[in-house]
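Single-letter residue listing:
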Amino acid sequence: MIELRKITGDNIDEVIALEVEKNQEDFIETTNLRSFADAHMMNADGIPATPLAIYADESAVGFLMYIYDTLDHESFENEIFYGKKSYFIWHIMIDKRYQGKGYGKLAFEKMLMDIETMPEGEAEYVVLFYRTSNVIAKSLYASFGFVDTGIIQDHSMLAIKKLDGKITESLESQGKKCKLSMS
Ligand SMILES: CC(C)(COP(=O)(O)OP(=O)(O)OC[C@H]1O[C@@H](n2cnc3c(N)ncnc32)[C@H](O)[C@@H]1OP(=O)(O)O)[C@@H](O)C(=O)NCCC(=O)NCCS
């Protein structure tokens, strides 16, 4: 069973210790520790950031984070989503020992289900960047309906999904048990 749990004094060390393979480090660009620090800085600046630990049964296996912000970067000026509120997936990783077991996909789905409740406010889109060489991430995001925008920054593609409906193909409906724990 996959759960998303708040990061507390009890699990912060476990989350910081999680790591990807050396050749995957470019895909995430930042460590879990740095992302957690970013979350605190953004929250202090009034940009809601949600960092969560990914648990499989009782083991911490990964980390993810999303923020709630306006898509107002100058490079988006000619895009239909310019100026629109969105949830931005800032970071997602599964520790190298636990990859390829379905945890990333289940955790991603849990996160999207959470985002669909608009926990920080209304939004039209959910967006993310992925390295164009990261074929696993690309296919994972495409399987949840993310579409490439063609906007590439620092070798990373901006992909976007409109938040106008529920995830159509729920893993739970396929009989895989998951639970969202935010407490
Ligand atoms: C990307 C990542 C989060 C996916 O998590 P995961 O638990 O390893 O992936 P899952 O086991 O849930 O599999 C997700 C999909 O990727 C595919 N996949 C997983 N490992 C794969 C591999 N080594 N080769 C090819 N496909 C693979 C699976 O087949 C699955 O697709 P399917 O359900 O259609 O079969 C994880 O691999 C990771 O942390 N990678 C390094 C950091 C990273 O790239 N983060 C994303 C930054 S944008």
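Each value, and the rule that gives it
Residues numbered from 1 in each chain as written. Predicted model: local features only at pLDDT ≥ 70, side-chain atom pairs only at ≥ 80, totals over all residues. Heavy atoms only, no water. 1 Å grid on protein atoms, 1.4 Å probe; cavity = no way out; pocket = protein on both sides within 12 Å on 5 of 7 lines; lining within 4 Å. Points joined across faces, edges and corners; volume = space filled by probe spheres on them. Helix = DSSP H or I, 4+ residues; strand = E, 2+ residues; numbered from the N terminus. Near = heavy atom within 4 Å. Polar contact = N/O pair within 3.5 Å; in protein donor to acceptor, adjacent residues only side chain to side chain. Areas by Shrake-Rupley, 256 points an atom, 1.4 Å probe, with all protein chains shown as cover. Sits in = over half its atoms within 2 Å of the grid points. Nonpolar A, V, L, I, M, F, W, Y, C, P; charged D, E, K, R; others polar. Buried < 20%, exposed > 50% of the residue type's maximum accessible area, 1.4 Å probe, protein only. Pairing = 2+ DSSP bridges. Core = buried A, V, L, I, M, F, W, Y, C linked by side-chain atoms within 4.5 Å.

*Asks:* It is not clear to me how the layout of surface pockets should be interpreted in this structure. Could you clarify?
*Replies:* Rolled over the atoms, a probe as big as a water molecule pinpoints where empty space is left. In this structure, the largest pocket encloses a volume near 1200 Å³. In terms of lining residues, the largest pocket is bounded by 45 residues, among which F27, I28, I92, F129 and Y141 are the most central. Elements represented by at least two residues in the lining of the largest pocket include exactly α2 (25–28), β3 (59–70), β4 (85–94), α4 (103–115), β5 (125–131), α5 (135–143) and β7 (156–162). A total of eight residues in the lining of the largest pocket trace back to one element, the largest contributor, which is β4.

*Asks:* What's the story with the site of the ligand in this structure? I'm lost.
*Replies:* The environment of the ligand is formed by 20 residues, the closest being I94, G102, G104, K105 and N134. Within the contact set of the ligand, a nitrogen atom lies 2.9 Å away from a backbone nitrogen or oxygen of I92. Here an oxygen atom of the ligand and a backbone polar atom of I94 are 2.7 Å apart. Coverage of the ligand by the protein amounts to 69% of the 920 Å² it exposes when considered alone. With respect to the detected pockets, the ligand is housed in the largest pocket. Listed by contribution, the elements that provide at least two residues to the shell around the ligand are α2, β4, α4, β5 and α5. Looking at side-chain class alone, the shell around the ligand contains 12 nonpolar, six polar and two charged residues.

*Asks:* So what exactly am I meant to see when it comes to the pairing of strand β2 (residues 49–56) here?
*Replies:* Each regular strand carries side chains that alternate between the two faces of the sheet. Across the eight residues that make up β2, a large majority, eight, are buried. Side-chain alternation along β2 places A49, P51, A53 and Y55 on one buried face and T50, L52, I54 and A56 on a second face that is also buried. As judged from the five bridges shared by strand β1 (residues 2–6) and β2, these two strands associate in the antiparallel manner. Paired with K6 across the two strands is L52, which belongs to β2. Hairpin connection of β2 to β3: two residues between the antiparallel strands, including D57 at a positive phi of 55°.

*Asks:* Would you mind showing me how to read the nonpolar core here?
*Replies:* A general trend in soluble globular proteins is that nonpolar side chains are found buried together. One finds Y87, F108, Y141 and F146 to be the most contacted residues of the largest nonpolar core, which totals 32 residues. Residue contributions to this core peak at six residues, all from α4. Counting 17 residues, the second largest nonpolar core, distinct from the first, contains A39, M42, M65 and I67.

None of this, on its own, says anything about what the molecule does.
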